[in-house]
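Letter by letter, the chains look like this.
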Amino acid sequence: GDVKQINVLFENGDTLPGQVLWNDAALDLAIVKVEAMGLPTADLGNSDSLEVGQLAVAIGNPLGLDFQRTVTAGVISGLDRTIRTSQYSVLEGLIQTDASINRGNSGGPLLNSKGEVIGINTVKIGTQVGEGLGFAIPINYAKPIIDELIKNGYITGRPLIGINGETVNSISRYYNIPLGVYVHSVDTNSDAYAKGIRSGDIITAVNGKEIKSIEELNTEKDKYKAGDYITLTIFRGGRTYEVTIKLEEYVPTTEQNP
């Protein structure tokens, strides 16, 4: 989901505000920036060369800060695993390990015997299913994203509809309008504007999938890249229209909306 505020805690106890530069809910990954110099960095390994049976070390804060920087060790138990994290979400290509990973370790590094980061710890299958089932996202998934951020200063190809809008609240039923995203304004340079989307429209679906909030609109939009086409269902003046638009590219020059 959308996190409003992030604080980054350092080993010496200092805390700095963090800014989310990029995130992908489908991959369970995010890049967070802090304004600080000279921070230590971890060496990244190569998750494509892993073999079952290799040493795996997980570091994290299981169950909160009382147990921060806990280290657990095990082996690589399996590769290229797929797990369902929710009704709508599946994570693929995961590293399986029997190093203990609990709530709070999630997001911590999984290391090899050289201390190189080979994965990022993610959700743990519930203990009712079985012990010793931890999973990590291979570090090679994150490398191209990191490299692009360093090279360009932002992630290219991120999609943008080109609107400023807000979630239609429950009062909508009194005015006989549907739930969705109310469009306040449209970027006149966008394809959405060229295709006729205007202030006052309500977006109710993306590619036929119903959306009821700006968060759901973003989730659907973020499944695509800049340059892709999506079909928006628009409610206007008591009628529903379908409009196919080309997604713009998000370039973080100013504060931008979906």
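Heads up: the structure comes first, above all this text.
Residues numbered from 1 in each chain as written. Predicted model: local features only at pLDDT ≥ 70, side-chain atom pairs only at ≥ 80, totals over all residues. Heavy atoms only, no water.

### Here's the deal with the overall build of the protein
Defined as follows: For the purposes of this entry, the term helix denotes a DSSP run of H or I that reaches at least four residues, the term strand denotes a run of E that reaches at least two, and both are numbered from the N terminus. Relative accessibility thresholds used throughout: buried, under 20% of the residue-type maximum; exposed, over 50%; partly exposed, between the two (1.4 Å probe, protein chains only). Working rule for contacts: check all heavy atoms of both residues, and any pair within 4.5 Å makes them a contact. Residue burial considers only the protein chains on display, and all accessible areas are found by Shrake-Rupley using a 1.4 Å probe.
Helix and strand counts for the protein stand at 3 helices and 17 strands. Taking all 258 residues of the protein together, 34% fall into the buried category. Put simply, of all contacts in the protein between residues at least 6 apart along the chain, 50% involve residues at least 24 apart. Approximately 15,300 Å² of the protein is accessible, and the part contributed by carbon and sulfur atoms is 49%.

### A look at the packing of aromatic side chains
How we decide: Pairing of aromatic rings covers Phe, Tyr and Trp, the last through its six-membered ring, and needs centres within 6.5 Å; plane angles under 30 degrees mean stacked, over 60 mean edge-to-face, and all others mean tilted. Any Lys NZ or Arg CZ found within 6 Å of a ring centre and within 35 degrees of that ring's normal is scored as a charge over the ring.
A full pass over the atoms with the stated rule returns 0 aromatic pairs. Positioned above the aromatic ring of Tyr193 is the side chain of Arg198, whose terminal nitrogen or guanidinium carbon lies 3.7 Å from the ring centre. Directly above the aromatic system of Tyr241 lies the positively charged group of Arg236, at a separation of 5.8 Å from the ring centroid.

### What to know about the pattern of salt bridges
Short version of the rule: Salt bridge criterion: a side-chain nitrogen from Lys or Arg within 4 Å of a carboxyl oxygen from Asp or Glu.
This structure, assessed with the given rule, holds 7 salt bridges. Close ionic contact of Glu210 with Lys212 constitutes a salt bridge, the shortest N to O distance being 3.7 Å. A relative accessible area of 54% means that Glu210 is categorised as exposed. Residue Lys212 is classed as partly exposed on the basis of its relative accessible area, which comes to 41%. In this structure, Asp222 and Lys221 form a salt bridge, with 3.7 Å as the shortest nitrogen-oxygen distance. Take Asp222: its relative accessible area is 45%, and that puts it in the partly exposed class. It is possible to trace a salt-bridge network through shared partners that takes in Lys209, Glu220 and Lys223.

### Digging into the sheet that holds strand 3 (residues 29-33)
Condition: By the convention used here, strands pair only if DSSP detects at least 2 bridges between them. Axis definition: a line fit to C-alpha positions, over the contact stretch in the case of helices; interaxial angles, taken between N-to-C directions, run 0 to 180 degrees.
Ordered in space as 1-2-3, the 3 strands form an open sheet in which the pairing is antiparallel. Both edges of this open sheet fall to strand 1 (6-9) and strand 3, since each of them pairs with a single strand only. Direction aside, neighbouring strands of the sheet carry axes that sit 50° apart on average. For strand 2 (residues 15-24) and strand 3, the ladder comprises 5 bridges, and the chain directions are antiparallel. Pairing of Trp22 across the sheet is with Ile31, part of strand 3.

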